[in-house]
Amino acid sequence: MSTETVSSAIKEANRRTPFSKRFKSQWWRHLLGIIAVVFAAFPLVYVLSASLSPSGTLTGSNQLFSKVDFSNYTKLMSDPVRPYGQWYLNTIIIAALTAIFTVFLGALAAYSFSRMRFKGRRGGLLALMLVQMFPQLLTVVAIFLLLTWLGDVYPALGIGSRLALIMVYLGGALGANTYLMYGFFNTVPQSLDEAARVDGAGHARIFFTLILPLVAPILAVVGLLSFIGSFTEYVVASVILGADPRTSTLAIGLYQYVSTETSSNWGVFAAGAVLAALPPMVLFLWLQKYIVSGLTGGAVK
């Protein structure tokens, strides 16, 4: 019996069983679901309420939506010293380019490991996993020294360069993403490659016209994870870009609103956080149909 047949039979049985009877036997599932939703939604609701509160402090927002005022958003967009629009543009450019090149380079590497046999293949896969075992924070000092030296030779790759930050993100993300794609590429039958070679197709044509459309779910997942990771990253970005408002990202810029103990800009910070959440949310909703299949498809060969 196929999976679709079993699923259809379960749905038909649930339709025939009264809801009250099903609820009595599965009430704990509903309770756990409600608790999970409340636990996950409360921080989001609280930040949204703080962004609409004119008090400027988090303690003044304890009564959710007691006052609704858009003054925080006005202050955020009209601040001449802290150009929120420039931060937003910088972050989207960096995150988008990082996601695009991570997907493309990771797919090339995964295709090579999955479809080609060469000396050092197993060692290369093992090295990718071993490198990812070390936290990225351990490399911050080395990255800073390396970019400082490179900046003397190639200013475009030195400290304060957005291109340098993109290159660092690419180097940190390719290992795990390549291994994730490698597992998914192995689920594509190699007989398709052989049939394409019989018709005269080379590796490039097989990769772009045959393999990529079949592995679209994992490409979407890797692109989404890479975009979100680089969109919200703070430590490495602050080391490389510094506090220059012209090159700062949203994480660096928004931290300036709450970096002092006497700061009363929590409302503005919350407004900036709400607006910053929109691109990842839109991208997630756009790619959600690929999420489950992309994350689980490579688990079984």
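Rules used throughout
- Residues numbered from 1 in each chain as written.
- Predicted model: local features only at pLDDT ≥ 70, side-chain atom pairs only at ≥ 80, totals over all residues.
- Heavy atoms only, no water.
- UniProt positions renumbered as here; feature names shortened; annotations may be inferred.
- Helix = DSSP H or I, 4+ residues; strand = E, 2+ residues; numbered from the N terminus.
- Expected span 1.5 Å × (residues − 1).
- Buried < 20%, exposed > 50% of the residue type's maximum accessible area, 1.4 Å probe, protein only.
- Phe/Tyr/Trp six-rings, centres within 6.5 Å; stacked < 30°, edge-to-face > 60°.
- Salt bridge = Lys/Arg side-chain N within 4 Å of Asp/Glu carboxyl O.
- pLDDT = per-residue confidence, 0-100.
- Polar contact = N/O pair within 3.5 Å; in protein donor to acceptor, adjacent residues only side chain to side chain.
- Contact = heavy atoms within 4.5 Å.
- Axes fitted to C-alpha atoms, helices over the stretch in contact; angles between N-to-C directions.
- Parallel < 35°, antiparallel > 145°, perpendicular 65-115°, else oblique.
- Left-handed = near helix turned anticlockwise from the far one by under 90°.
- Nonpolar A, V, L, I, M, F, W, Y, C, P; charged D, E, K, R; others polar.
- Patch = residues over 30% accessible without salt bridge, like charges linked within 9 Å, V, L, I, M, F, W, Y side chains within 5 Å.
- Areas by Shrake-Rupley, 256 points an atom, 1.4 Å probe, with all protein chains shown as cover.

Quoted verbatim from the Subcellular location (unreviewed entry) heading of the UniProt record, the comment on the protein is "Cell membrane".

Attention now moves to helix 10 (residues 216–232). Here helix 10 contains 17 residues, and its C-alpha end-to-end distance of 24 Å stays within 8% of the 24 Å for a straight helix at 1.5 Å per residue. Where burial is concerned, most of helix 10 is hidden: 12 out of the 17 residues are buried. If you check which residues of helix 10 are buried, you get Pro217, Ile218, Leu219, Ala220, Val221, Val222, Gly223, Leu224, Ser226, Phe227, Ser230 and Phe231.

With that settled, the discussion passes to the packing of aromatic side chains. A ring pair, where both rings are aromatic, is described by two values, the distance of the centres and the angle of the planes. Under the criterion given, the structure shown has 12 aromatic pairs. With 5.5 Å between their ring centres and 55° between their planes, tyrosine 234 and tyrosine 255 make a pair best called tilted. One end of the pair, tyrosine 234, is in the loop between helix 10 and helix 11 (235–241); the other, tyrosine 255, is in helix 12 (residues 250–255), and 21 residues separate them in sequence. An aromatic cluster of three or more residues is present, and its members are Tyr84, Trp87, Tyr88 and Tyr257.

Turning to the pattern of salt bridges, a few remarks are in order. All chains considered together, the criterion is met by 3 salt bridges. In this structure, arginine 115 and aspartate 193 form a salt bridge, with 2.7 Å as the shortest nitrogen-oxygen distance. Highlighted residues: arginine 115 in helix 4 (residues 84–115) and aspartate 193 in helix 8 (residues 190–198), separated in sequence by 78 residues. Each member of the pair, arginine 115 as well as aspartate 193, is classed as buried.

Here the focus is the confidence of the model for the protein. Parts of the prediction with low pLDDT should not have their coordinates interpreted in detail. Chain-level pLDDT for the protein is 81 on average; 85% of the residues reach the 70-or-more range. Ranking the elements of the protein by mean pLDDT puts helix 1 (residues 3–16) last, at 53, and helix 4 first, at 91.

Our focus in this paragraph is the side chain of threonine 98. Among the secondary structure elements, threonine 98 is positioned in helix 4. At 2.7 Å, the side chain of threonine 98 and the backbone oxygen of isoleucine 94 are in polar contact. With residues near it in sequence (within four places) discarded, threonine 98 still touches Ile166, Tyr169, Leu170, Ser226 and Ser230.

To continue, consider the environment of glycine 171. Tracing the sequence through the fold places glycine 171 in helix 7 (residues 162–185). Looking at glycine 171, the relative accessible area reads 54%, which means it is exposed. Along the backbone, glycine 171 and threonine 102 are 69 residues apart, and their C-alpha atoms lie at a distance of 8.9 Å.

On to the UniProt feature "transmembrane region" (unreviewed entry) in the protein. Residues annotated in UniProt with the feature "transmembrane region" (unreviewed entry) correspond here to residues 31–52, 87–113, 125–151, 163–185, 206–228 and 266–287. Secondary structure content for residues 87–113 is 100% helix and 0% strand, and the end C-alpha separation is 38 Å.

This part takes up the packing of helix 7 against helix 10. Contact pair helix 7 / helix 10: the axes reach a minimum separation of 11 Å and the direction vectors enclose 155°. Taken together, the axis directions place helix 7 and helix 10 in an arrangement best described as roughly antiparallel. Read as a crossing pair, helix 7 and helix 10 show a hand that is right-handed. On helix 10, the residues touching Tyr169, Asn177, Leu180, Met181 and Phe184 of helix 7 are Pro217, Ile218, Leu219, Val222 and Ser230. Here the contact of helix 7 with helix 10 is composed, by residue class, of 8 nonpolar, 2 polar and no charged.

Residues Leu89, Ile93, Leu97, Ile100, Phe101, Phe104, Leu105, Leu108 and Phe208 make up a contiguous nonpolar surface patch of roughly 760 Å² in combined accessible area. With 8 residues, helix 4 is the largest single contributor of residues to the nonpolar patch. Locating leucine 97 in the fold gives a position in helix 4.

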